[in-house]
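Residue-level listing of the chains:
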Amino acid sequence: MELIFPTVIIILGCLALFLLLQRKNLRRPPCIRGWIPWIGVGFEFGKAPLEFIEKARIKYGPIFTVFAMGNRMTFVTEEEGINVFLKSKKVDFELAVQNIVYHTASIPKNVFLALHEKLYIMLKGKMGTVNLHQFTGQLTEELHEQLENLGTHGTMDLNNLVRHLLYPVTVNTLFNKSWFPINKKKIKEFHQYFQAYDEDFEYGSQLPECLLRNWSKSKKWFLELFEKNIPDIKACKSAKDNSMTLLQATLEIVETETSKENSPNYGLLLLWASLSNAVPVAFWTLAYILSHPDIHKAVMEGISSVFGKAGKDKIKVSEDDLEKLLLIKWCVLETIRLKAPGVITRRVVKPVEILNYIIPSGDLLMLSPFWLHRNPKYFPEPELFKPERWKKANLEKHSFLDCFVAFGSGKFQCPGRWFALLEVQMCVILILYKYDCSLLDPLPKQRKKNIWHLQSIFMEATEQDSISKNIYIFLESHDHEYISSLHLVGVPQPEGQCRIEYKQRI
Ligand code: HEM
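An unreviewed UniProt entry lists the chain under the name 24-hydroxycholesterol 7-alpha-hydroxylase, with Cercocebus atys as the source organism. A UniProt comment under Cofactor (unreviewed entry) is attached to the chain, and it reads "heme".

Shown next, in the form of structure tokens:
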């Protein structure tokens, strides 16, 4: 009898708690959580995140939560949710990305939070539309210099060609002239390490570094490279007007506000931000233009009308010239629409109401530019490459089409967007002015991560710990599901090779 009374109390207490939680959960969006504690649906989601999001939207509606690897990620796919994502003060960019920055560049969270706003304002100013003209001269010169290396004709993988042009062009322009290696072996190393770092950036932002040996090696290689070169980078100011490059201005803020120790880490972060999206966008833009004969023809007519017949001259491309070549700008923007990042993210800092649901603080609010740009409500015939849809955008006033969010939005929208657009336009113009180009392969699909890749990461680590071993066994048992996983972070790379044949125009 003495035992029955406390037992009843406990049962009633649990019931009340259960009902309370149920009530609270009733107002939360549907949650896909799986049955494995902490991991949740991590494996299913990690295998094919973009497909997972789209299937979940079809099954659960415009807002749903995915529980994976200890994180609650609430996806918004329609107006009301998108507006909250873009405008609400109850969601925060810095708190959403501080973990990613910590894992990928080893920048302590307190340092990131202390410096972020100041750095952002500087980057936005230096690469803003008012200052963009300062880059046109150097970008043209650097592109001409790199194009010389291509000779008079050849056949090459287009992605490789674009990387060989834009890695040095971007680094010499934004970091420091002559920082990029000139020795063949060192250039090769730079390419290999950058691609390894970029390729697994997404895993690197989530998994412990000890599981990602190759990725970790690339990260260390760049940190050491920056550490060695930073004194030279700082010392070498512009001879013309003593102005600072983007990296120099970044280092000045980092070293004044914190310590020199953090400089290589910010160098690495800036390097990744400046190359990881703009370079594949240049590849896709050229590939789209060359695989659409009518658009290719119109682009070539435009180039000839502005620069005349091609010759050996090193033409200068001014901002006025770019205004006259609107079709090329539309092609770049249309490419970015189709190859937009898989997700952008914010942290919910105060409970927020969307479509009668309450999203609790602590959730990551997620928006997929990739899927939003494929919604026919906002972009009719979304799968088609239609540069002319950009006619409607007020580009003179620097605004994009409604619902175009490839550069993020709100207070911390990508500060490099105008520079990226400029660089890609100039790259396309100069290649097509100098060479007659044609693709020898069809337009490639975007690269898929596959389960084998994830599996190989864990296979490497199985000797080290038992958790990895279990994950490896799990992945092995799912090896028949050779499922694609379109990139979540950033612009996707092409799958396989896509060769271009080029011949100097005369
Ligand atoms: C087409 C090329 C590019 C795309 C699609 C792109 C896209 C993005 C996106 C989606 C974000 C996150 C914004 C948000 O969540 O609201 C971002 C941030 C950022 N981007 Fe870009 N980006 C591109 C090129 C560049 C370039 C060339 C730079 C040059 C340095 C750059 C520098 C940055 C930086 C520093 C941030 C972080 C801003 C912050 O911490 O507040 N991006 N970019």
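**Here's the deal with the packing of helix H8 (residues 158-174) against helix H9 (residues 184-199)**
Describing two packed helices takes the angle between their axes plus the distance from one axis to the other. Contact pair H8 / H9: the axes reach a minimum separation of 12 Å and the direction vectors enclose 90°. Between H8 and H9, the angle is such that the two are roughly perpendicular. Two secondary-structure elements touch here, H8 through Arg 163, His 164, Tyr 167 and Val 171 and H9 through Phe 190, His 191, Phe 194 and Gln 195. Taken together, the residues of the contact of H8 with H9 break down into four nonpolar, three polar and one charged.

**Some points on the packing of aromatic side chains**
By the definition in use, this model includes 31 aromatic pairs. Residues Phe 64 and Phe 75 carry aromatic rings whose centres are separated by 5.5 Å and whose planes lie at 20° to one another, so their mutual orientation is stacked. With Phe 64 in strand S2 (residues 63-68) and Phe 75 in strand S3 (residues 71-76), this residue pair connects regions lying 11 residues apart in the sequence. Take Phe 64: its relative accessible area is 0%, and that puts it in the buried class. When the ring of Phe 93 is compared with that of Phe 412, the centres are 5.4 Å apart and the planes differ by 40°; the resulting orientation is tilted. Remark: Phe 412 occurs in the loop between helix H18 (369-372) and helix H19 (417-434) and Phe 93 occurs in helix H5 (residues 93-105); sequence separation between them is 319 residues. One Lys or Arg, Lys 339, reaches over the ring of Trp 284 and ends 4.1 Å from the middle of that ring.

**Section: the nonpolar core**
Grouped together as the largest cluster of nonpolar side chains are 135 residues, with contacts concentrated most on Phe 190, Leu 271, Phe 404 and Leu 432. Looking at this core element by element, the count peaks at 13 residues for H19. Look past the residues within four positions of Phe 190 in its chain and what remains in contact with it is Tyr 167, Val 171, Trp 179, Phe 180, Pro 181, Trp 221, Phe 222, Leu 271 and Leu 275. Val 41, Ala 56, Val 343 and Phe 370 belong to the second largest nonpolar core, which has 18 residues in total.

**Here's the deal with the confidence of the model for the chain**
Per-residue pLDDT for the chain averages 88, and the proportion of residues at 70 or more is 88%. Long-range and interchain partners of residues 478-486, a stretch whose pLDDT sits below 50, account for 33 contacts in this model, where long-range means more than four residues apart.

**What to know about the site of the ligand**
The environment of the ligand is made up of 24 residues, and the closest members are His 116, Tyr 120, Arg 346, Ala 406 and Cys 414. His 116 is positioned such that a nitrogen or oxygen atom in its side chain is 2.7 Å from an oxygen atom of the ligand. Those elements giving two or more residues to the shell around the ligand turn out to be helix H6 (109-126), helix H13 (263-275), helix H14 (278-290), strand S6 (344-348) and H19. With three residues, the single largest contributor to the shell around the ligand is H6. Classifying every residue of the shell around the ligand gives 17 nonpolar, six polar and one charged.

**Comments concerning the pattern of salt bridges**
Per the counting criterion, the structure on display carries 20 salt bridges. Residues Lys 411 and Glu 117 are paired through a salt bridge, measuring 3.3 Å at the closest nitrogen-oxygen approach. In this pair, Lys 411 sits in the loop between H18 and H19 while Glu 117 sits in helix H6, placing the two residues 294 residues apart along the sequence. Linking Lys 297 and Glu 301 is a salt bridge whose minimum nitrogen-to-oxygen distance equals 3.6 Å. One end of the pair, Lys 297, and the other, Glu 301, are both in helix H15 (residues 293-307), four residues apart, so they sit about a helical turn from each other. Assessed through its relative accessible area of 46%, Glu 301 is described here as partly exposed. If you follow the salt bridges from partner to partner, you end up with Glu 78, Glu 79 and Lys 377 in one network.

**Examining the environment of Gly 302**
You can see Gly 302 is positioned in helix H15. Taking the C-alpha atoms as reference, Gly 302 lies 9.8 Å from Ile 429; in sequence the two are 127 residues apart.

**Focus on the sheet that holds strand S5 (residues 153-157)**
Strand order in the open sheet made by the three strands is S5-S13-S10, with antiparallel pairing throughout. The sheet terminates laterally at S5 and strand S10 (435-439), the two strands that pair on one side only. Each strand of the sheet is rotated relative to its neighbour by a mean of 20°, with strand direction disregarded. Judged from the five bridges that link them, S10 and strand S13 (residues 499-504) form a sheet pairing that is antiparallel. Bridge pairing links Leu 439 to Ile 500 in S13. Together, S5, S10 and S13 form the strand contacts of H8, whose direction differs from that of S5 by roughly 105°. Along the sheet face, H19 touches S10 and S13 and points at about 105° away from the line of S10.

**A few points about the sheet that holds strand S4 (residues 91-92)**
With mixed pairing, the six strands of this open sheet are ordered in space as S1-S2-S3-S9-S6-S4. Two strands in the sheet have a free side with no partner beyond their single neighbour: strand S1 (31-32) and S4. By the bridge criterion, two bridges tie S1 to S2 in an arrangement that is parallel. Of the residues in S2, the one forming a bridge with Cys 31 is Thr 65. Running at roughly 135° to S2, helix H3 (residues 49-60) makes contact with S1, S2 and S3 of the sheet. Contacts between helix H4 (residues 79-87) and the sheet are confined to S3, S4, S6 and strand S9 (364-367), with S9 contributing the most and set at about 115° to the helix.

**Structural notes on the UniProt feature "binding site: heme" (unreviewed entry) in the chain**
In this numbering, the UniProt entry assigns the feature "binding site: heme" (unreviewed entry) to Cys 414. Mapped onto the elements, Cys 414 comes out in the loop between H18 and H19.

**A few points about unusual backbone geometry**
Look at Met 69: it is not a glycine, yet its phi comes out positive at around 50°. Topologically, Met 69 is positioned in the loop between S2 and S3. In this structure Met 69 comes out as partly exposed when scored by relative accessible area, which is 31%. Positive phi, normally seen in glycine, also occurs at Ser 106, with a value near 50°. In this structure, Ser 106 sits in the loop between H5 and H6.

Rules behind the numbers
- Residues numbered from 1 in each chain as written.
- Predicted model: local features only at pLDDT ≥ 70, side-chain atom pairs only at ≥ 80, totals over all residues.
- Heavy atoms only, no water.
- UniProt positions renumbered as here; feature names shortened; annotations may be inferred.
- Axes fitted to C-alpha atoms, helices over the stretch in contact; angles between N-to-C directions.
- Helix = DSSP H or I, 4+ residues; strand = E, 2+ residues; numbered from the N terminus.
- Parallel < 35°, antiparallel > 145°, perpendicular 65-115°, else oblique.
- Contact = heavy atoms within 4.5 Å.
- Nonpolar A, V, L, I, M, F, W, Y, C, P; charged D, E, K, R; others polar.
- Phe/Tyr/Trp six-rings, centres within 6.5 Å; stacked < 30°, edge-to-face > 60°.
- Buried < 20%, exposed > 50% of the residue type's maximum accessible area, 1.4 Å probe, protein only.
- Lys NZ or Arg CZ within 6 Å of the ring centre and 35° of its normal.
- Core = buried A, V, L, I, M, F, W, Y, C linked by side-chain atoms within 4.5 Å.
- pLDDT = per-residue confidence, 0-100.
- Near = heavy atom within 4 Å.
- Polar contact = N/O pair within 3.5 Å; in protein donor to acceptor, adjacent residues only side chain to side chain.
- Salt bridge = Lys/Arg side-chain N within 4 Å of Asp/Glu carboxyl O.
- Pairing = 2+ DSSP bridges.

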